[in-house]
Amino acid sequence: MDSLTHQLTQLLNVQQIDQYIFQGQTNQLFGSHLFGGQILAQALIAASKTTNRPAHSLHAYFIRSGRTDMPILFKVENLRDGSSLSARQVYALQDGKVIFSAMLSFAQPEQGLEFQIKTPHYPAPETLTSEQEHKISMVNDIPEPMRAIMMQQFNLLIHPVEFANPFRPVKADPQYAEYFRSFDKIEGELDHIAMHQAIAAYYSDYNLLTTSLRPHGVSYANGGVRSASLDHTMHFHHDFRVDEWMLYDMHATRSSQSRGLNFGEMWQNGKLVCSVSQESLMRQRQFKSRP
């Protein structure tokens, strides 16, 4: 089997070299720069392999741009194993330089007080058009040099609630929502909570930063702004399965100082299962006028 789901789980399932040393492979998703969601997911898997507790929070910083032409070395530090919580620090390195760092906390599930915000209501995912179908409809808007990369099928199935064409950006509210799931069931030895959390982390970085670009009518695709993830936080509230539909409801609260602050909530079966926050770079490009 060489399905997109199989390729994704194999990519994220980092190889253990020593007790706290792991190696992850890379793939080219958006050109030569490494997709930040991949580093998030691989770091979570690496740290998860050092404890039998599921993660409940992840706090990460993207320090340097990663490269897609070399593997990533992950170093995990065991900071503490307490009676109920375990803490891990993870560093990702390429070419001897730290490109990413993250602090993760792990805890066994337990019963306690329960509360969540109101469940959002959108059309069912089965009634919506897939992202890939939307891309096919806008293929003539994509410049020829970018077309092959942009038209690649992403390795998760995505159904946007209301698709936004990045090559024809318009000013809009700082909100965006999508459903997502893996194409195939995750089975066998990789069907564990860490892999489901890792795939959610992988996807959480896919469109989140675009929410703070929307009020300005600019896009990463039209060359008017340089955008990148700067930091990323996730909290895992309940178990979930990424091979079943999940809703990712995103919004931004502020853009200033060439940065945007973005938030997201992941829902499944009416339950808030993950919360995400991210600060992103949104620096306008300066073009020199021709004489």
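Description of the structure in this document. (Residues numbered from 1 in each chain as written. Predicted model: local features only at pLDDT ≥ 70, side-chain atom pairs only at ≥ 80, totals over all residues. Heavy atoms only, no water.)

1. Some remarks on the overall build of the protein chain
Counting secondary structure elements, the protein chain contains five helices and 12 strands. The globule rule puts the C-alpha radius of gyration for 291 residues at 19 Å, and the 19 Å found for the protein chain is close to it. The C-alpha extent of the protein chain, read off along each of the three principal axes, is 65 × 45 × 45 Å. Within the protein chain, residue pairs in contact and separated by at least 24 positions form 72% of the contacts whose partners lie at least 6 positions apart. Split by element, the accessible area of the protein chain, about 15,000 Å² in all, is 49% carbon and sulfur. Placing the 25 positive and 28 negative side-chain charges of the protein chain at their respective mean positions leaves the two points 10 Å apart. (Helix = DSSP H or I, 4+ residues; strand = E, 2+ residues; numbered from the N terminus. Rg over C-alpha atoms; globule rule 2.2 N^0.38 Å. Contact = heavy atoms within 4.5 Å. Areas by Shrake-Rupley, 256 points an atom, 1.4 Å probe, with all protein chains shown as cover. Lys, Arg positive; Asp, Glu negative; His and termini not counted. Charge placed at Lys NZ, Arg CZ, Asp CG, Glu CD.)

2. Topic: helix α2 (residues 36-48)
With 13 residues, α2 extends 18 Å between its outermost C-alpha atoms, agreeing within 8% with the 18 Å of an ideal straight helix rising 1.5 Å per residue. By the criterion of burial, α2 is predominantly enclosed, with 13 of the 13 residues buried. (Expected span 1.5 Å × (residues − 1). Buried < 20%, exposed > 50% of the residue type's maximum accessible area, 1.4 Å probe, protein only.)

3. Here we look at the pattern of salt bridges
Using the criterion set out here, one finds eight salt bridges in the structure. The partner of Asp-69 in a salt bridge is Arg-67, and the shortest N-O contact between them spans 2.7 Å. Residue class for Asp-69 comes out exposed when judged on its relative accessible area of 54%. The exposure class assigned to Arg-67 is partly exposed, which follows from its relative accessible area of 37%. (Salt bridge = Lys/Arg side-chain N within 4 Å of Asp/Glu carboxyl O.)

4. Digging into the pairing of strand β5 (residues 85-94)
Remember that side chains alternate between the two faces of the sheet whenever the strand is regular. The buried fraction of β5 is high, at seven of 10 residues. Two strands pair when backbone bridges link them, and strand β4 (residues 72-81) and β5 are joined in this way by eight bridges, in the antiparallel orientation. By the bridge assignment for β5, Glu-77 is matched with Gln-89. Pairing analysis gives 10 bridges linking β5 to strand β6 (residues 97-107), with the strands arranged antiparallel. From the neighbouring strand, Ser-86 faces β6, where its bridge partner is Phe-106. The hairpin formed by β5 and β6 contains two residues between the paired strands, and Asp-95 there has a positive phi angle of roughly 55°. (Pairing = 2+ DSSP bridges.)

5. Observations concerning helix α1 (residues 4-12)
Every buried residue belonging to α1 is among Thr-5, Leu-8, Thr-9, Leu-11 and Leu-12, and all of these are buried. Projection of α1 onto a plane perpendicular to its axis shows the buried side chains occupying an angular sector of 160°, all on one side. Elements that come into contact with the buried residues of α1 comprise α2 and α5 (193-204). (Arc of directions from axis to C-beta.)

6. Focus on the packing of aromatic side chains
As enumerated under the stated definition, the model contains 10 aromatic pairs in all. Ring centres of Phe-35 and Tyr-202 lie 5.1 Å apart, and the angle between their planes is 85°; this geometry places the pair in the edge-to-face category. Of this pair, Phe-35 sits in the loop between β2 (21-24) and α2 while Tyr-202 sits in helix α5, placing them 167 residues apart in sequence. Looking at Phe-35, the relative accessible area reads 7%, which means it is buried. Tyr-202 gets classed as buried once you look at its relative accessible area, which sits at 1%. Ring pairing ties together the aromatic residues Phe-35, Phe-154, Phe-180, Tyr-202, Tyr-203, Tyr-206 and Tyr-248, which thus form one cluster. Just above the ring of Trp-245 sits the side chain of Arg-181; from NZ or CZ to the centre is 4.8 Å. (Phe/Tyr/Trp six-rings, centres within 6.5 Å; stacked < 30°, edge-to-face > 60°. Lys NZ or Arg CZ within 6 Å of the ring centre and 35° of its normal.)

7. Considering the nonpolar core
Residues Phe-74, Phe-100 and Met-266 are the most contacted members of the largest nonpolar core, which totals 58 residues. Once you skip the residues sitting within four places of it in the chain, Phe-100 turns out to touch Ile-39, Leu-40, Ala-43, Ala-60, Tyr-61, Phe-62, Ile-63, Val-90, Tyr-91 and Ala-92. Core analysis: the second largest hydrophobic core is formed by eight residues, Leu-157, Ala-177, Trp-245 and Trp-267 among them. (Core = buried A, V, L, I, M, F, W, Y, C linked by side-chain atoms within 4.5 Å.)

8. Some thoughts on unusual backbone geometry
Here Gln-257, not a glycine, exhibits a phi torsion of approximately 55°, which is positive. Relative to the elements of secondary structure, Gln-257 occurs in the loop between β10 (246-256) and β11 (259-268). The residue Asn-269 is not glycine, and still its phi comes out positive at about 55°.

9. What about the sheet that holds strand β12 (residues 271-284)?
Overall, antiparallel pairing links the 12 strands, which are arranged β1-β2-β4-β5-β6-β3-β9-β12-β11-β10-β8-β7 in an open sheet. The open sheet has two free edges, formed respectively by β1 (15-18) and β7 (157-160), since each of these has just one partner strand. The average undirected angle you get between the axes of adjacent strands in this sheet is 25°. Here four bridges tie β7 to strand β8 (residues 175-181), and the two strands are oriented antiparallel to one another. Bridge pairing in β8 links Pro-160 to Glu-178. This element, α5, spans β3 (55-62), β7, β8, β9 (225-236), β10, β11 and β12 of the sheet and lies at about 150° to β9. (Axes fitted to C-alpha atoms, helices over the stretch in contact; angles between N-to-C directions.)

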